[in-house]
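The primary structure of each chain is shown beneath.
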Amino acid sequence: MSAEAHRFAVFGHPIAHSLSPEIHQAFAEQLGIRLSYETIDAAPADFDAAVRGFFRDGGLGANVTLPHKNAAFALATARTDAATRAGAANTLTPLVGGGIQAHNTDGSGFVRDITERHGFDLRGHDALLLGAGGAAKAVAWALMDAGVKTLTIVNRTPERADEIADAIGEPARCHTRYWDGLEGECFDLVVNATSIGVTGGDFDLPMSIVQDHSTAYDLCYGAAAAGFKGWAVAAGVRPDWFRDGLGMLVEQAADAFERWHGQRPDTDPVYAQLRQRF
Ligand code: NAP
């Protein structure tokens, strides 16, 4: 079968910077699968038509990144639980007989990276989640499923954090605080799921919310993770207990890849390759 018959893509706006083509190609080479994986830059107004056109022309799977994850969820005709919980999709798959299925691999990718790659057993820990966007929603559910003792969510717009906690519906374990209401609390794990590292802004959080046993994890990676890392280390997190989201990126891609190809790639060599650059 020709490579053209196995057509995949990632949609975003902008999208030229995306590592997804490189990651999926590396997985495919590892497993002897031939595919093409392209980037498709679609402005929000064009996204729906671009996705439908892609699948009409034989596309077998699409990843979706900013700013289209909510639109991807909305256009689907079927949604997995992971997508429904996040209210956002990063993986679209055409259904036999027509229609498009929305799935979300951000939560599973995050948990696999922090537990399996970095050896952090989430069970029994007190976690703080910064942010309440699509990625935060996926990560919140994943942290709960992975067995954290408590999950505290704070967000610049507090109502969005409340929405996540309400949807989870376990007030004894999962609750919200105001961004400036964390004084006196201390967490084993602080996860940054805001886009501050990309869009700019400060982590004006009390230093006392972490100690030297705490782990800090930023969904961003590379230069975009520098601000949160700087705050975390200044607050007392050991530098080697800071993790960025590069591993999550690779793991969420592997989850999508497995869904489409029925085989799970070995993510370690791909992660190691990318780590040299970020
Ligand atoms: P999103 O839906 O746009 O959410 C952005 C979040 O950041 C919101 O909670 C927003 O708060 C908050 N925020 C933005 N600017 C802020 C500021 N100046 N101060 C405080 N809070 C601020 O984005 P997303 O899709 O959830 O993604 C969040 C981040 O995770 C992005 O940087 C993305 O690149 C990263 N990510 C990484 C991976 C990976 O695989 N490593 C996967 C997914 C996402 P409001 O609600 O108040 O606006």
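Just above, that's the structure.
Residues numbered from 1 in each chain as written. Predicted model: local features only at pLDDT ≥ 70, side-chain atom pairs only at ≥ 80, totals over all residues. Heavy atoms only, no water.

*Asks:* When you look at the site of the ligand in this model, what are you seeing that I'm missing?
*Replies:* In the vicinity of the ligand there are 25 residues, among which Ala135, Asn155, Thr157, Arg160 and Leu219 approach most closely. Between the ligand and the protein, one listed contact pairs an oxygen atom with a backbone N or O atom of Gly133 at 3.5 Å. With respect to the ligand, the backbone of Gly245 contributes an N or O atom lying 2.9 Å from a nitrogen atom. For the ligand, the protein covers 82% of the area, taking 930 Å² as the surface of the free molecule. (Near = heavy atom within 4 Å. Polar contact = N/O pair within 3.5 Å; in protein donor to acceptor, adjacent residues only side chain to side chain. Areas by Shrake-Rupley, 256 points an atom, 1.4 Å probe, with all protein chains shown as cover.)

*Asks:* Just to check I follow, could you spell out the packing of aromatic side chains for this structure?
*Replies:* Two descriptors summarise a pair of aromatic rings, namely the distance from one centre to the other and the angle between the planes of the rings. In total, this model carries 10 aromatic pairs according to the counting rule given. With a centroid separation of 5.4 Å and 90 degrees between ring planes, the pair formed by Tyr221 and Phe278 is classed as edge-to-face. One end of the pair, Tyr221, is in the loop between β11 (215-218) and α9 (226-235); the other, Phe278, is in the segment after α11 (267-275), and 57 residues separate them in sequence. What makes Phe278 partly exposed here is its relative accessible area of 36%. Both rings, one in Phe228 and one in Trp231, keep their centres 5.9 Å apart while their planes meet at 15 degrees; by these two values the pair is stacked. With a gap of 3 residues between them, Phe228 and Trp231 both fall in helix α9, about one helical turn apart. With relative accessibility at 0%, the residue Phe228 sits in the buried group. (Phe/Tyr/Trp six-rings, centres within 6.5 Å; stacked < 30°, edge-to-face > 60°. Helix = DSSP H or I, 4+ residues; strand = E, 2+ residues; numbered from the N terminus. Buried < 20%, exposed > 50% of the residue type's maximum accessible area, 1.4 Å probe, protein only.)

*Asks:* Would you explain the sheet that holds strand β4 (residues 78-79) in this entry?
*Replies:* Strand pairs in the sheet, formed through backbone hydrogen bonds, run parallel or antiparallel to each other. Spatially, 6 strands are ordered β2-β1-β3-β5-β6-β4 in an open sheet, and the strand pairing comes out mixed. Where the open sheet ends on each side, the last strands, each with one partner, are β2 (36-41) and β4. Across 2 bridges, β4 lies against strand β6 (residues 100-103) in parallel orientation. Its bridge partner being in β6, Ala78 is matched across the sheet by Gln101. Against the sheet, helix α1 (residues 20-31) engages β1 (7-12), β2 and β3 (61-64), with an angle of about 170 degrees to β2. In the packing of helix α2 (residues 44-56) onto the sheet, contacts are made with β1, β2, β3, β5 (91-94) and β6, and the angle to β1 comes to roughly 175 degrees. (Pairing = 2+ DSSP bridges. Contact = heavy atoms within 4.5 Å. Axes fitted to C-alpha atoms, helices over the stretch in contact; angles between N-to-C directions.)

*Asks:* Any chance you could explain the layout of surface pockets here in plain terms?
*Replies:* Rolling a probe over the atoms, with the probe sized like a water molecule, indicates the empty space that remains. As a volume, the second largest pocket reaches approximately 220 Å³. Forming the walls of the second largest pocket are 14 residues, and the residues nearest its centre are Ala82, Asn104, Gly107, Ser108 and Ala142. Of all elements in the fold, only α4 (81-86), α5 (106-117), α6 (134-145) and α10 (246-261) reach the threshold of two or more residues within the lining of the second largest pocket. With 4 residues, the single largest contributor to the lining of the second largest pocket is α6. Each of two domains, domain 1 (3-104 + 247-275) and domain 2 (107-244), supplies a minimum of three residues to the lining of the second largest pocket. (1 Å grid on protein atoms, 1.4 Å probe; cavity = no way out; pocket = protein on both sides within 12 Å on 5 of 7 lines; lining within 4 Å. Points joined across faces, edges and corners; volume = space filled by probe spheres on them. Domains from an automatic or database assignment.)

*Asks:* Any chance you could explain the pattern of salt bridges here in plain terms?
*Replies:* When the charged atoms of two side chains lie near each other, side chains of opposite charge can form a pair. Under the criterion given, the structure shown has 18 salt bridges. Residue Arg264 is joined to Glu251 by a salt bridge in which the shortest nitrogen-to-oxygen separation is 3.2 Å. In this pair, Arg264 sits in the loop between α10 and α11 while Glu251 sits in helix α10, placing the two residues 13 residues apart along the sequence. Linking Arg264 and Asp255 is a salt bridge whose minimum nitrogen-to-oxygen distance equals 2.7 Å. Using a relative accessible area of 10% as the deciding quantity, one classes Asp255 as buried. Ionic contacts of the salt-bridge type, sharing partners, join the residues Arg112, Asp113, Glu116, Arg117, Glu251, Asp255, Glu258, Arg264 and Asp268 into one network. (Salt bridge = Lys/Arg side-chain N within 4 Å of Asp/Glu carboxyl O.)

*Asks:* Help me out: how do you make sense of the sheet that holds strand β12 (residues 242-243) in this one?
*Replies:* Spatial ordering of the open sheet is given by β9-β8-β7-β10-β11-β12, a layout of 6 strands whose pairing is parallel. Every other strand in the sheet has two partners, leaving β9 (174-176) and β12 as the edge strands with one partner each. Note that strand β8 (residues 150-154) and β9 share 3 bridges and pair parallel. Bridge pairing in β9 links Ile153 to Thr176.

*Asks:* Looking at this structure, I do not really get the side chain of Asp255. What am I missing?
*Replies:* Within the element layout of this structure, Asp255 appears in helix α10. Apart from the residues within four sequence positions on either side, Asp255 is in contact with Thr105, Ser108, Gly109, Arg112 and Arg264.

*Asks:* Quick question: what am I supposed to make of the environment of Ala135 here?
*Replies:* In this fold, Ala135 is placed in helix α6. Separated by 64 residues in sequence, Ala135 and Thr199 place their C-alpha atoms 15 Å apart.

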